[in-house]
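Architecture at a glance
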Amino acid sequence: MRVSTALAAAAVLMAAGGAAWAQEAAPAVAAAPAVAASQWRNVSPENLLVIDTNKGRILVELAPEVAPGHVERIRLLAGRGFFDGLLWHRVIDQFMAQTGDPLGTGEGQSAWPDLKAEFTFRRDGQAPFTAVAAPAGAVLGFLHSLPVQTQPDAFMATTADHKVHAWGLYCPGVAGMARDDAPDSANSQFFLMRQPYPSLDKRYTIWGRVVSGLDVVRALKFSPNPDGIVAGPDSMTRVRVASDLTEAERPTVQVLDTASPQFRALAEAARQARGADFSVCDIDLPVQVAGAAPPA
């Protein structure tokens, strides 16, 4: 099965009632004021994955700066229609929803070679990163819509490539690649987080984040069993990168620009509401979606 022992152990803990492995949803933060037109960021069609399911549409912003090899694999498989009709075969409530297996059993994969792990990446000073917190020795923030932890910029002066270590964080909506126990065994199966799960950080490659449709991810039929295998699962009906769709079919997505004053106000509101319990996962980026509706 394309799930390591660590991921399987998490399912057992959840089934046993252990709550230490995952955060509950954060208390709601007061709604942000209206966003000025200049404070929205357009998501490039090349970096927008459109996942249509029998429960509704999920839009994922791809993160090629973080995991170029895995993003390229997702683009390749989506462009060839590989994901069309595949099942959400493994779904665990308060955890994640997994798909991408042509067999629908957890044992299948594509015909392409397995991928080299991209658990971390190197960040330079030109990356579109916005910090929101700086605990001792680290910085938390966003790279586009993806929550990230990284070394401070000051460390760039001490490294040969003038870059610092960084990695994505498993907040709700984050897209990760399933694998076997071997680090370099990801292929076609992936999962979308229903809730935060920080112990996955730096252990499973992150390649994007849901910017619209987290409610759909959470509405997918889940299993009450520890292994998460679903009887009568939901399915993906069509998966395409937006740039591969005709203009008439293509949705357009705008996300609050993390470089904007509105974002800084939103982040500060979350920090104030959560206090010492603040997590970067508490920040929910406003999104606008326009254009074509999902196919009937």
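Preceding this paragraph is the structure being described.
1. Remarks on the environment of Phe95
Following the sequence through the fold, Phe95 ends up in the loop between strand E4 (90–92) and strand E5 (96–99). Residue classification places Phe95 among the buried residues on the basis of a relative accessible area of 0%. Distance from Phe95 to Phe191, taken between C-alpha atoms, is 9.8 Å for residues 96 residues apart in sequence.

2. Regarding the nonpolar core
In terms of nonpolar packing, the biggest core is built from 48 residues, with Val132, Tyr170, Phe191, Met193, Leu200, Phe263 and Ile283 touching the most fellow members. Of all hydrophobic cores here, the second largest spans 31 residues; its members include Val216, Leu220, Val230 and Val239.

3. As for empty space enclosed by the protein
All chains considered together, the criterion is met by two cavities of 30 Å³ or more. For the largest cavity, the calculated volume is near 50 Å³. Around the largest cavity sit Glu61, Leu62, Ala63, Glu65, Leu143, His144, Ser145, Leu146, Gly208 and Arg209, which together line it. Broken down by class, the residue content of the lining of the largest cavity amounts to four nonpolar, three polar and three charged. Of the voids in this model, the second largest cavity is the one considered here, and its volume is about 40 Å³. Taken together, Val66, Glu118, Phe119, Trp167, Gly168, Lys202, Tyr204, Thr205 and Ile206 make up the lining of the second largest cavity. Of the residues that constitute the lining of the second largest cavity, the class distribution is five nonpolar, two polar and two charged.

4. Notes on the pattern of salt bridges
Where charged atoms from two side chains of opposite charge come close, those side chains can pair. If you walk through the whole model with that rule in mind, you get 11 salt bridges. A salt bridge links Asp52 to Arg57; the nearest nitrogen and oxygen atoms lie 2.6 Å apart. Residue classification places Arg57 among the buried positions, given a relative accessible area of 12%. The residue Arg274 makes a salt bridge to Asp282 at a minimum N-O spacing of 3.0 Å. One connected set of salt bridges, linked through shared partners, spans Asp52, Arg57, Arg238 and Glu249.

5. Considering the side chain of Arg238
When you line up the elements, Arg238 lands in strand E14 (residues 236–241). Once residues lying within four places of it in the same chain are set aside, the contact partners of Arg238 are Val50, Ile51, Asp52, Arg57, Asp84, Leu245, Glu249 and Pro295.

6. Quick notes on the layout of surface pockets
A probe matching the size of a water molecule, rolled over the atoms, marks out where space remains unfilled. A volume near 180 Å³ is recorded for the second largest pocket. Residue composition of the lining of the second largest pocket, grouped by class: 10 nonpolar, three polar and one charged.

7. Comments concerning the packing of aromatic side chains
Applying the stated criterion across every chain, the model contains eight aromatic pairs. Between the aromatic rings of Phe83 and Phe190, the centroid separation amounts to 5.4 Å while the plane-to-plane angle is 90°, which identifies the pairing as edge-to-face. Remark: Phe190 occurs in strand E12 (residues 190–193) and Phe83 occurs in the loop between helix H2 (68–79) and E4; sequence separation between them is 107 residues. For Phe83, a relative accessible area of 0% gives the class buried. Using a relative accessible area of 0% as the deciding quantity, one classes Phe190 as buried. Geometrically, the ring pair formed by Tyr170 and Phe191 is stacked, given 5.8 Å between the ring centres and 20° between the ring planes. With Tyr170 in the loop between strand E10 (164–168) and strand E11 (174–177) and Phe191 in strand E12, this residue pair connects regions lying 21 residues apart in the sequence.

Conventions used here
- Starting from 1, residues in each chain are numbered consecutively following that chain's sequence as written.
- This being a predicted model, a pLDDT of at least 70 is required before a residue's local features are given, and a value of 80 or more before pairs of side-chain atoms are given or counted; all residues contribute to the totals for chains, interfaces and linings.
- Side-chain calculation: all heavy atoms of the structure are included, whereas hydrogens and water are not.
- Secondary structure elements follow DSSP: runs of H or I no shorter than four residues count as helices, runs of E no shorter than two count as strands, and numbering proceeds from the N terminus.
- Three labels apply to residues, based on accessible area from a 1.4 Å probe with only protein chains included: buried if under 20% of the type maximum, exposed if over 50%, partly exposed otherwise in between.
- Nonpolar cores are built from buried Ala, Val, Leu, Ile, Met, Phe, Trp, Tyr and Cys residues. Side-chain atoms within 4.5 Å join them into one set.
- Points on a 1 Å grid, built from protein atoms alone, make a cavity when a 1.4 Å probe fits but cannot get out and make a pocket when they are open with protein on both sides within 12 Å along at least 5 of 7 lines; residues with an atom within 4 Å of a point are the lining residues.
- Grid points are joined across faces, edges and corners, and a volume is the space filled by probe spheres set on the points.
- Nonpolar residues are Ala, Val, Leu, Ile, Met, Phe, Trp, Tyr, Cys and Pro. Charged residues are Asp, Glu, Lys and Arg, and all others, Gly as well, are polar.
- Any carboxyl oxygen of Asp or Glu within 4 Å of a side-chain nitrogen of Lys or Arg constitutes a salt bridge here.
- In what follows, a contact means two residues having at least one pair of non-hydrogen atoms within 4.5 Å.
- Under the pairing criterion, centres of Phe, Tyr and Trp rings, with the six-membered ring standing for Trp, must be within 6.5 Å; the plane angle then separates stacked pairs below 30 degrees from edge-to-face pairs above 60, leaving the rest tilted.

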